[in-house]
Amino acid sequence: MSDLPEVYIYMLESMDGIGTGSYLEAATEAVTDYFQREYSFGSKAILCGRPTYEQGLPGPIDLSKFKDAKVERVDYIAPKKNDYYTIAIDPKGKLKWTSGFFCIFEDYGRTQKANSVTILTEEVKDDYLAYLKSIEVSYIFAGKDKIDLKTALTKLKKLFGIERVLCEGGPTTNGLLLQEDLVQKVIFYKCPYIAAPGGKPVFGVAKDSKWNLETFEMMKDKSTLILSYTKV
């Protein structure tokens, strides 16, 4: 049995491979379906990088009462509320968490409350760690000054019992997971739009690799495709 959970990348993209942009405002049926199916792949854990979560964690937060805190660089596991997890990769501790148990991106169609977990490096500041503890946001360390994704995933399985992770990150997170051969499946919603300039691509630093088309589905709108690929 592997020490690592399975990782599925789950993304919406335009015809030209862009994951963000104004086209998503028009692709309402696809976006709704995307979130409705989010937990239908056997995963109860959603993973994203800091830039993605900043949309749903606007803050502000007050760290002033923790200015004199001294916190050991030891993983902190908050009391568990249910079996669902919202996981963020945030190397230096910049995200403005306000709760350890809530529904992130609720305005976008999510309804499932989840336990908050953040993945940090040891460069994070003491006052921030003390704040996370005060609102019961779990945190784990996965590197001194750079995130080690394999260490992070190993801890997610060992400490939280997470068997499968659904990654909905941006190009950096998606690309690094692929580059390190940590992904078993990629699921795309291919929307019938060309993205306007300025959007972010689905993958960043991914390396060359071949994948098998596992399933192919057309949505009721007759124009959005749902494609599932597994690693060769």
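Structural data are supplied above this passage.
Remember, predicted model here, so these are calculated numbers, not experimental data.

### So, the pattern of salt bridges
Here's step 1: Summed over all chains, the structure comprises 15 salt bridges.
Here's step 2: The partner of Asp83 in a salt bridge is Lys80, and the shortest N-O contact between them spans 2.9 Å.
Here's step 3: Looking at Asp83, the relative accessible area reads 41%, which means it is partly exposed.
Here's step 4: Its salt-bridge partner being Asp181, residue Lys231 comes within 3.3 Å of it at the nearest N-O pair. Of the two residues, Lys231 sits in strand 10 (residues 225-231) while Asp181 sits in the loop between helix 6 (171-179) and strand 8 (185-190), which places them 50 residues apart along the sequence.

### Comments concerning the environment of Val202
Here's step 1: Mapped onto the elements of the fold, Val202 is located in the loop between strand 8 and strand 9 (211-218).
Here's step 2: It is 38 Å that separates the C-alpha atoms of Val202 and Ser64, two residues lying 138 residues apart in sequence.
Here's step 3: In this structure, Val202 is in contact with Met11, Leu12, Glu13, Gly17, Ile18, Gly19, Gly170, Pro171, Asn174 and Phe188, ignoring residues within four places of it in sequence.

### Some remarks on the pairing of strand 8
A regular strand carries its side chains on alternate faces of the sheet.
Here's step 1: Strand 8 sits mainly inside the fold: five of its six residues count as buried.
Here's step 2: In this sheet, strand 8 lies alongside strand 1 (residues 6-13) in parallel orientation, the contact comprising six bridges. Residue pairing in the sheet places Glu13 in a bridge with Lys190 of strand 8.
Here's step 3: Two strands pair when backbone bridges link them, and strand 8 and strand 10 are joined in this way by six bridges, in the antiparallel orientation.

### Some words on the nonpolar core
Here's step 1: Counting residues in each nonpolar core, the largest one holds 42 residues, and the members touching the most others are Tyr53, Trp97, Leu120, Leu132, Tyr139 and Tyr189.
Here's step 2: Counting residues per element, the ones that place at least two in this core are strand 1, helix 2 (28-36), strand 2 (45-49), helix 4 (126-134), strand 6 (138-141) and strand 8.
Here's step 3: Of all the elements, helix 4 adds the most residues to this core, at five residues.
Here's step 4: Excluding its chain neighbours within four sequence positions, the residues that come into contact with Tyr139 are Val71, Val74, Asp75, Tyr76, Thr118, Leu120, Leu129, Leu132 and Lys133.

### A look at helix 6
Here's step 1: Of all the positions in helix 6, only Pro171, Thr173, Asn174, Gly175, Leu177 and Leu178 are classed as buried.
Here's step 2: Two residues or fewer past helix 6, Asp181 is found with a positive phi of approximately 55°.

### Section: the environment of Pro91
Here's step 1: You can see Pro91 is positioned in the loop between strand 3 (85-89) and strand 4 (101-102).
Here's step 2: Each C-alpha atom, one on Pro91 and one on Glu6, is 22 Å from the other, the two residues being 85 residues apart in sequence.
Here's step 3: Those residues in contact with Pro91, other than ones at most four positions away along the chain, are Ile119, Leu120, Thr121 and Ile147.

Cut-off values and rules
Residues numbered from 1 in each chain as written. Predicted model: local features only at pLDDT ≥ 70, side-chain atom pairs only at ≥ 80, totals over all residues. Heavy atoms only, no water. Salt bridge = Lys/Arg side-chain N within 4 Å of Asp/Glu carboxyl O. Buried < 20%, exposed > 50% of the residue type's maximum accessible area, 1.4 Å probe, protein only. Helix = DSSP H or I, 4+ residues; strand = E, 2+ residues; numbered from the N terminus. Contact = heavy atoms within 4.5 Å. Pairing = 2+ DSSP bridges. Core = buried A, V, L, I, M, F, W, Y, C linked by side-chain atoms within 4.5 Å.

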